[in-house]
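Observations on the model geometry
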Amino acid sequence: MERDPTQEGSRYIWTRKVQARTVTVALSKQPYQWLRRAVANQRKLQRLVQRMQKRSRQILFETVPGPRRRKPLIRKALGLI
């Protein structure tokens, strides 16, 4: 997070949870920019993996025969929403 120049303390800080406690680290500009890109890449990767998992479940439930059911399973129960 980038702070206002008018606020006291370091301008660049990184806050995270470690064992249910908040940990804040003051950073200089270069490590802050690197960390910001790393966090953005991690979030992008997580979204991609979630889409891949969803698509894998969809293919699995469409192609593998399951037990006979009176009612079909809803998409939410299959994790497709």
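Keep in mind it's a predicted model, so treat the numbers as computed, not measured.

The full count for this structure, using the stated rule, is 1 aromatic pair. Their ring planes at 35° and their centres at 4.6 Å tell us that Tyr-12 and Tyr-32 sit as a pair that is tilted. In this pair, Tyr-12 sits in strand S1 (residues 12-18) while Tyr-32 sits in helix H1 (residues 29-63), placing the two residues 20 residues apart along the sequence. Both residues of the pair, Tyr-12 and Tyr-32, count as buried.

With that settled, consider the environment of Ile-13. For Ile-13, the location among the structural elements is in strand S1. What makes Ile-13 buried here is its relative accessible area of 10%. A C-alpha to C-alpha distance of 41 Å links Ile-13 and Arg-75, two positions 62 residues apart in sequence.

Moving on to unusual backbone geometry. In the Ramachandran plot, Gln-19 falls in the positive-phi region, its phi being about 50° despite a non-glycine side chain. Position of Gln-19 relative to the elements: it lies in the loop between S1 and strand S2 (21-27). The backbone phi angle of Ala-20 is positive, close to 65°, even though this residue is not glycine. Within the element layout of this structure, Ala-20 appears in the loop between S1 and S2. Judged by its relative accessible area of 73%, Ala-20 is exposed.

Calculation notes
- Residues numbered from 1 in each chain as written.
- Predicted model: local features only at pLDDT ≥ 70, side-chain atom pairs only at ≥ 80, totals over all residues.
- Heavy atoms only, no water.
- Phe/Tyr/Trp six-rings, centres within 6.5 Å; stacked < 30°, edge-to-face > 60°.
- Helix = DSSP H or I, 4+ residues; strand = E, 2+ residues; numbered from the N terminus.
- Buried < 20%, exposed > 50% of the residue type's maximum accessible area, 1.4 Å probe, protein only.

The quantities given are spatial measurements derived from coordinates; they are silent on function.
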